[in-house]
Each structure stands twice: as structure tokens, then as C-alpha cells.
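# Secondary and tertiary structure notes
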Amino acid sequence: MAPERRSHDLDAYESRVRDGPCFVCAFVAGAPGAAHVTVYEDDEHVAFLDRYPTVPGKVLVAPKAHIEHAVRDLDELAYLRLMSVVRKVALAVEAVVKPERTYLLSLGSQQGNSHLHWHIAGLPAGTPYAHQQFHALMTENGVLSVTDEEAAATGARLRAAISGV
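Structural notes, computed from the coordinates. (Residues numbered from 1 in each chain as written. Predicted model: local features only at pLDDT ≥ 70, side-chain atom pairs only at ≥ 80, totals over all residues. Heavy atoms only, no water.)

## What about the overall build of the protein chain?
Along the backbone of the protein chain there are five helices and seven strands. Listing each helix as α and each strand as β along the protein chain from the N terminus yields β-α-α-β-β-β-α-β-β-α-β-α. For 165 residues, the compact-globule formula gives about 15 Å, and the C-alpha radius of gyration of the protein chain, at 15 Å, lands near that figure. In terms of overall dimensions, the protein chain has a C-alpha envelope of 40 × 40 × 30 Å along the principal axes. Within the span of the protein chain, comprising 165 residues, buried residues form 39% of the whole. Summed over all atoms, the accessible surface of the protein chain reaches about 9,400 Å², with 54% contributed by carbon and sulfur. (Helix = DSSP H or I, 4+ residues; strand = E, 2+ residues; numbered from the N terminus. Rg over C-alpha atoms; globule rule 2.2 N^0.38 Å. Buried < 20%, exposed > 50% of the residue type's maximum accessible area, 1.4 Å probe, protein only. Areas by Shrake-Rupley, 256 points an atom, 1.4 Å probe, with all protein chains shown as cover.)

Right, here's the structure in full:
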């Protein structure tokens with residue numbers, strides 16, 4: 001059975017990401033209202049459940065430092081360290097969610113969500129082709145209704161998979 005979806009207030013979301021504080025920096029700083037379920041953290045990176053998931057177990061991975069460009073703002077070693085974290089977390093998503101395919105995307109722009117972050121989105125097996133690819137990722141098509149308890153349980157399963165437990 002497909003998870004229940006709810007509509008997403010796109011106007012409020014756009015206003016928040018374009019005019020509000022950086023959501024990754026606010027999360028890393030522990031700002032009130034910026035909490036996410038953390039699934040991985042090291043000295044340089046953090047991975048956490050997407051607050052507006054379009055597929056089960058969708059995770060964002062970001063450097064803790066406010067970096068905006070994947071290519072020009074990271075030297076080769078920093079880029080490879082970040083991509084190593086993306087791979088580690090993506091393998092955990094695959095182990096927990098058992099997707100048909102795992103999408104890895106870096107989205108955002110100077111106009112909104114400028115902090116570099118990677119989306120790790122496991123496409124649920126059996127998703128009709130017309131609802132795959134970008135359709136599966138667009139909040140315009142609704143976001144999953146996930147309770148705090150469900151998010152905490154998913155986070156725990158992902159942390160266990162990352163640590164190899």
C-alpha cells in the first residue's frame with residue numbers, strides 16, 4: 001500500500017527558503033524549529049531525514065559549513081569526502097527502504113536553498129513509470145504524511161544500517 005500523501009504549501013515553502021535563514025545552517029546550529037531526524041554526522045557533514053519527503057526514507061546530506069557550489073567551492077578531497085558520505089547514507093537507504101532505484105541529486109540555487117545538499121531518494125519498487133523520476137521527487141505532487149514517531153523509527157533503522165549494526 002502506498003503511503004498517504006498530503007498537499008504541500010508551496011507558496012509558504014518558497015517564501016521560507018528564499019527569505020528565511022539557511023535551513024542547513026539553522027539545523028546545524030540547533031535553532032528552534034529547525035530540528036530534523038539526524039541519521040549520520042561527522043566533523044564535516046550531516047545527514048538527516050527530509051522534512052517534506054516525497055518518497056519513504058528520503059535523506060539530505062550536507063556539509064556543515066555553508067558551502068554553495070559542489071564543484072567550485074570544494075577542493076577535490078573535500079568533494080570526495082562529501083561523496084563518500086552520500087554513498088554511505090545511500091547504501092543505508094537502500095538497505096532500509098529496498099528501493100527499485102536510488103536517486104541522488106544536488107538541488108537548490110542562489111535564489112533559495114543555496115546551502116549545498118544532496119537528496120537521497122529511494123524510488124519505491126512498483127512505482128508506475130509515469131510517477132517515477134522527477135514526478136516522484138516533486139513536492140507539487142504532495143508529500144508523505146509521516147508522524148514524528150515514524151520518522152524517529154526510520155531514523156533509527158538508517159543509523160543502524162549506517163553503523164553496520
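## Considerations on the nonpolar core
As a rule of thumb, soluble globular proteins bury nonpolar side chains together. In this structure, Val39, Val59, Val61, Val89 and Ile120 are the most contacted members of the largest nonpolar core, which totals 23 residues. Elements with a minimum of two residues in this core: β2 (38–41), β3 (45–49), β4 (59–63), α3 (76–97), β6 (118–123) and α5 (148–163). With eight residues, the top contributor of residues to this core is α3. Residues in contact with Val59, not counting those within four places in the same chain, are Val39, Ala47, Phe48, Leu49, Asp50, Val89, Val93, Trp118, His119, Ile120 and Leu158. Counting seven residues, the second largest nonpolar core, distinct from the first, contains Tyr103, Ala121, Leu123 and Ala136. (Core = buried A, V, L, I, M, F, W, Y, C linked by side-chain atoms within 4.5 Å. Contact = heavy atoms within 4.5 Å.)

## Concerning the layout of surface pockets
Volume-wise, the largest pocket comes out at about 940 Å³. Per-element accounting of the lining of the largest pocket gives the leading share, six residues, to helix α1 (residues 10–19). The residue inventory of the lining of the largest pocket, partitioned by class, reads 16 nonpolar, 11 polar and seven charged. Approximately 520 Å³ is the volume found for the second largest pocket. Among the elements that take part in the lining of the second largest pocket, α5 stands out by supplying five residues, more than any other. Within the lining of the second largest pocket, the residues separate by chemical class into 10 nonpolar, five polar and eight charged. (1 Å grid on protein atoms, 1.4 Å probe; cavity = no way out; pocket = protein on both sides within 12 Å on 5 of 7 lines; lining within 4 Å. Points joined across faces, edges and corners; volume = space filled by probe spheres on them. Nonpolar A, V, L, I, M, F, W, Y, C, P; charged D, E, K, R; others polar.)

## A look at the packing of aromatic side chains
Aromatic rings in a pair are described by how distant their centres are and how their planes are angled relative to each other. Applying the stated criterion to the full structure yields two aromatic pairs. Between Phe23 and Phe48 the ring centres are 6.3 Å apart and the planes differ by 75 degrees, which places this aromatic pair in the edge-to-face class. Here Phe23 is found in helix α2 (residues 23–29), whereas its partner Phe48 is found in strand β3, with 25 residues between them in sequence. Residue Phe23 is classed as partly exposed on the basis of its relative accessible area of 22%. (Phe/Tyr/Trp six-rings, centres within 6.5 Å; stacked < 30°, edge-to-face > 60°.)

## Notes on the pattern of salt bridges
Scanning the model with the defined rule gives three salt bridges in all. Ionic pairing is found between Glu41 and Lys64, a salt bridge with its closest N-O pair at 2.8 Å. Of this pair, Glu41 sits in strand β2 while Lys64 sits in the loop between β4 and α3, placing them 23 residues apart in sequence. According to the relative accessible area criterion, Lys64 is partly exposed, its value standing at 21%. For the salt bridge of Asp50 with Lys58, the shortest nitrogen-to-oxygen distance reads 2.5 Å. Each member of the pair, Asp50 as well as Lys58, carries the same accessibility label: buried. (Salt bridge = Lys/Arg side-chain N within 4 Å of Asp/Glu carboxyl O.)

## Some remarks on the pairing of β3
Summarising burial for β3: five of the five residues are buried, a large majority. Alternating residues of β3 divide into His45, Ala47 and Leu49 and Val46 and Phe48, and every residue in both groups is buried. With three bridges connecting them, β2 and β3 associate as antiparallel partners. Residue pairing across strands places Glu41 opposite Val46, the latter belonging to β3. (Pairing = 2+ DSSP bridges.)

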